[in-house]
Amino acid sequence: MLTGFSSTAIHAGHEQDPHYAHITPIYASSTYVFDNAEQGMRRFSGVEPGYIYSRWGNPTMTEAEQKTCAMETHGWVAPDGKSLPLKAILHASGMAAISTLMMSTLKSGDKILSHYSLYGGTQELTDRVLPGLGIESLILDLRDLNKAEDALKSNPAIRMIYVETPANPTIQCVDIEGLTALARQYKKIIACDNTFATPYLQQPFRYGVDYVVHSTTKFLNGHGTAIGGVLLGRDVEFMETRATKVHRLLGGNANPFDAYLLITGMKTLELRMERHCHNAMEVAGFMDGHSGVAKVHYNGLPQHPDHAVAMKQMRHPGAMMSIELKGGLKAGVNFMNRLKMCTRTVSLGTCDTLLCHPASMTHYGVPKEQREKYGITDGLIRMSIGIETIADILRDLDQALEV
Ligand SMILES: Cc1ncc(COP(=O)(O)O)c(C=O)c1O
């Protein structure tokens, strides 16, 4: 086992290229040829390993998949002393990975138990798409384990607990270990979206979680150059059969160019996350004392309600935070317009500091009462703290804030 996280991130999954290319090339080939019909037969029957068609798999995508497995299990072994075998399936987007997860594990009549703060796309999938297939969801504050247990006791149809921690955009954290223990006790499956934390900061499989999903678009790629997602599972047989079948048939496959960008990005994950997290702590401290800021939501601050849970399961508190400006919508719009260096955009996890004002951007069309129920107030600014020089980030934020 490689001892350092970066050694794993750099070397895991890499195989000697048949043409001795140093870096795994972008295998831009839709199909793979057979020496003869017998070989085709052996490949299709699974007797002989090998690529057939890129919707099903491709050498560039395989390296990216294997790196994510190695990073999610880096540094620990399962209770039997062995390293946990995992299988990852790379997807075209985080939403494609989540769709494969839902479609391969759930059926009509099943229910999902989820925390009320989730990425908007996941929320819409569970609210608008899955009910049409007979899959309903129950949304609660899963930070309260008693509430979660009551729900599991009174709703035998719950098949899956689905969490995102830290969650988008409130940075709330749920207790992965506590919820996984409940999932085991009540014989449910549990899945965790680990996008905000990345496997460098948090490894949900340590606690016995069944599935992990990532939007690789974010910190794993790290440079904002490609959309992507990955689904990882500890039941390798299920992943190789049902999940693989659903992935291939839904067609949400990744492509080799995006996989190549992802491989390149993941190699520097540790370096980037260390700097992202250091900068985030500085920004949180600065915002916390600022007269124009009503509230800072950052799980690294001791007053954050989920600070203890975050510290229990994360190496560092992460690079995502949100702040509530005094002065509501107008203050939010003015602040965004005054930024000089930081970037006004949606998404997160890139080298530059990204700021989004949900009330005037992502949630513009959502009625105020509805978005406020999920903590998205008029003056809320979501920030993905980048790896620029901290003095420059602070200077830009300072000059943009109203005093
Ligand atoms: C936590 C989280 N999960 C999933 C997704 C969806 O990922 P993608 O946009 O790659 O489909 C996002 C996107 O922002 C996200 O923030």
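Calculation notes
- Residues numbered from 1 in each chain as written.
- Predicted model: local features only at pLDDT ≥ 70, side-chain atom pairs only at ≥ 80, totals over all residues.
- Heavy atoms only, no water.
- Pairing = 2+ DSSP bridges.
- Helix = DSSP H or I, 4+ residues; strand = E, 2+ residues; numbered from the N terminus.
- Contact = heavy atoms within 4.5 Å.
- Axes fitted to C-alpha atoms, helices over the stretch in contact; angles between N-to-C directions.
- Phe/Tyr/Trp six-rings, centres within 6.5 Å; stacked < 30°, edge-to-face > 60°.
- Buried < 20%, exposed > 50% of the residue type's maximum accessible area, 1.4 Å probe, protein only.
- Salt bridge = Lys/Arg side-chain N within 4 Å of Asp/Glu carboxyl O.

Engineer: Would you mind going over the sheet that holds strand 11 (residues 354–356) with me for this structure?
Structural biologist: Think of a sheet as strands paired side by side through backbone hydrogen bonds, with each pair either parallel or antiparallel. With mixed pairing, the 5 strands of this open sheet are ordered in space as 8-9-12-11-10. Looking at the sheet topology across the chains shown, the edges are occupied by strand 8 (293–297) and strand 10 (343–344). Pairing analysis gives 5 bridges linking strand 9 (residues 320–325) to strand 12 (residues 380–384), with the strands arranged antiparallel. Paired with Ser322 across the bridge in strand 12 is Arg382. On top of the sheet, helix 13 (residues 328–338) reaches strand 9, strand 10, strand 11 and strand 12; it is set at about 125° to strand 9, its chief contact.

Engineer: Quick question: what am I supposed to make of the packing of aromatic side chains here?
Structural biologist: Where two aromatic rings form a pair, the distance of their centres and the angle of their planes describe that pair. One pass over the full model with this rule turns up 5 aromatic pairs. With 5.1 Å between their ring centres and 65° between their planes, Phe5 and Tyr200 make a pair best called edge-to-face. Here Phe5 is found in helix 1 (residues 5–11), whereas its partner Tyr200 is found in helix 8 (residues 198–201), with 195 residues between them in sequence. Both residues of the pair, Phe5 and Tyr200, count as buried. Every member of this aromatic cluster is reached through a ring pair, and the members are Phe34, Phe44 and Trp56.

Engineer: Can you walk me through the pattern of salt bridges in this structure?
Structural biologist: For side chains bearing opposite charge, pairing can occur when the charged atoms are close. Inspection of every chain in the model, using the stated rule, returns 14 salt bridges. Of the charged contacts, one joins Asp175 and Lys312 as a salt bridge, the two residues approaching to 3.0 Å between their closest N and O atoms. Residue Asp175 is located in the loop between strand 4 (158–164) and helix 7 (176–185), and its partner Lys312 is located in helix 12 (residues 307–313); the two are separated by 137 residues in the primary sequence. By relative accessible area, Lys312 is classed as partly exposed at 43%. Lys368 serves as the salt-bridge partner of Asp378, at 2.8 Å between the closest nitrogen and oxygen. Taken together, the residues Asp378 in the loop between helix 14 (368–373) and strand 12 and Lys368 in helix 14 connect sequence positions 10 residues apart. According to the relative accessible area criterion, Asp378 is buried, its value standing at 14%. Judged by relative accessible area, which is 39%, Lys368 ranks as partly exposed. Shared partners join several salt bridges into a network, and the residues in it are Lys368, Arg371, Glu372 and Asp378.

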